[in-house]
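Overview (structure and organization)
The chain contents come next:
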Amino acid sequence: MNIPYTVQRRPDTGVSNVMMGVWLFLASEVMLFGALFSAYALLRVAAPAWPSGRQLLSLPSGSVNTLLLLVMTALVWKARAAATDRARVLMLFSTVLAGGFIGVKFVEYRGEIALGLVPALNTFLATYYTLTGLHALHVVGGMIANLWIVAGIRRAGTAVSAQRIQAMSLYWAFVDAVWLLIFVLMYLT
């Protein structure tokens, strides 16, 4: 298959176009989540009272989701060095684990809403639903990208597939870092 771009490293940046694009995308995501975490910090320090996430949220659900994301990302990182068929299996299994994350989050949201823990109740819950909802959208987007890579691994060729998997490994590492911040700020404090 003839691809319309080069997979070679650029002499001016030392990285390929794919990796440059991923780094630029991640920089924009850092700004997005950075703004939300900054808003969270400002709202929390300005609030006369702030509920404890330990009392309101399901720590077991948050812990399971943390484990799912960490294992899933480890599989994507393993896929970077794997042969074509093994990379496909690892990427598929990581997508299943990401789906498990979304499933646990859905069950958690349903339980919280049934208890009346809705965003309109207080600022803590509004920031909780904003951060975790946006994060969940990033997990769904990553699942779609994983499936796109799996579908094209054999067609795209080794060099292209390797760069795509490398790009996704960076993306999932970012998604993990964001989740770990959310987990600490929302579930543990």
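Since this is a predicted model, take the numbers as computed values, not measurements.

Checked against the element boundaries, Ala167 lands in helix α6 (residues 158–188). Using a relative accessible area of 8% as the deciding quantity, one classes Ala167 as buried. Sequence separation between Ala167 and Gly62 is 105 residues; the distance between their C-alpha atoms is 26 Å.

On to the nonpolar core. Counting residues in hydrophobic clusters, the biggest one holds 47 residues, and the most contacted among them are Met91, Tyr128, Val139, Trp172 and Met186. For this core, the secondary-structure elements that each account for two or more residues are α1 (17–46), α3 (59–79), α4 (84–114), α5 (123–156) and α6. It is α6 that contributes the most residues to this core, 14 residues altogether. If sequence neighbours within four positions are ignored, Val139 has contacts with Leu69, Ala98, Phe101, Ile102, Tyr171, Trp172 and Val175.

Here Ala27 is to be found in helix α1. With relative accessibility at 36%, the residue Ala27 sits in the partly exposed group. Placed 71 residues apart in sequence, Ala27 and Ala98 show a C-alpha to C-alpha distance of 23 Å.

Another point: the packing of α3 against α4. The interhelical angle for the contact between α3 and α4, taken along N-to-C directions, is 165°, at an axis separation of 8 Å. Classified by the interaxial angle, the pair formed by α3 and α4 is roughly antiparallel. You can see that α3 and α4 cross each other, and the crossing is left-handed. Touching Ser61, Val64, Asn65, Leu68, Leu69, Val71, Met72, Leu75, Val76, Lys78 and Ala79 of α3 are Ala87, Leu90, Met91, Phe93, Ser94, Leu97, Ala98, Gly100, Phe101, Val104, Lys105 and Glu108, all from α4.

A few words now on the side chain of Glu29. When you line up the elements, Glu29 lands in helix α1. Although Glu29 is buried, it forms no salt bridge, and the closest oppositely charged side chain is Lys105 at an N-O distance of 17 Å. In this view, Glu29 contacts Gly34, His138 and Phe174; residues no more than four positions away in its chain are not counted.

Compared with an ideal rise of 1.5 Å per residue, which puts 21 residues at 30 Å, α3 spans 30 Å between its outermost C-alpha atoms and is within 8% of the ideal. Of all the residues in α3, the buried ones are Ser61, Gly62, Asn65, Thr66, Leu68, Leu69, Met72, Thr73, Leu75, Val76 and Ala79.

Let us look at the confidence of the model for the protein chain. It should be kept in mind that the predicted coordinates are not to be read in detail where pLDDT is low. When the pLDDT values of the protein chain are averaged, the result is 89; 93% of them are 70 or greater. Averaged pLDDT values for the elements of the protein chain fall to 89 in α6 and rise to 94 in α3.

With that settled, consider the packing of aromatic side chains. Overall, the coordinates contain 13 aromatic pairs when judged by the stated rule. Seen from their ring centres, Tyr109 and Tyr129 are 5.1 Å apart, and the 40° between their planes marks the pair as tilted. Remark: Tyr129 occurs in helix α5 and Tyr109 occurs in helix α4; sequence separation between them is 20 residues. Take Tyr109: its relative accessible area is 18%, and that puts it in the buried class. Note on Tyr128 and Tyr129: the rings are 5.1 Å apart at their centroids and 70° apart in plane angle, and the pair reads as edge-to-face.

Reading guide: rules and limits
- Residues numbered from 1 in each chain as written.
- Predicted model: local features only at pLDDT ≥ 70, side-chain atom pairs only at ≥ 80, totals over all residues.
- Heavy atoms only, no water.
- Helix = DSSP H or I, 4+ residues; strand = E, 2+ residues; numbered from the N terminus.
- Buried < 20%, exposed > 50% of the residue type's maximum accessible area, 1.4 Å probe, protein only.
- Core = buried A, V, L, I, M, F, W, Y, C linked by side-chain atoms within 4.5 Å.
- Contact = heavy atoms within 4.5 Å.
- Axes fitted to C-alpha atoms, helices over the stretch in contact; angles between N-to-C directions.
- Parallel < 35°, antiparallel > 145°, perpendicular 65-115°, else oblique.
- Left-handed = near helix turned anticlockwise from the far one by under 90°.
- Lys, Arg positive; Asp, Glu negative; His and termini not counted.
- Salt bridge = Lys/Arg side-chain N within 4 Å of Asp/Glu carboxyl O.
- Expected span 1.5 Å × (residues − 1).
- pLDDT = per-residue confidence, 0-100.
- Phe/Tyr/Trp six-rings, centres within 6.5 Å; stacked < 30°, edge-to-face > 60°.

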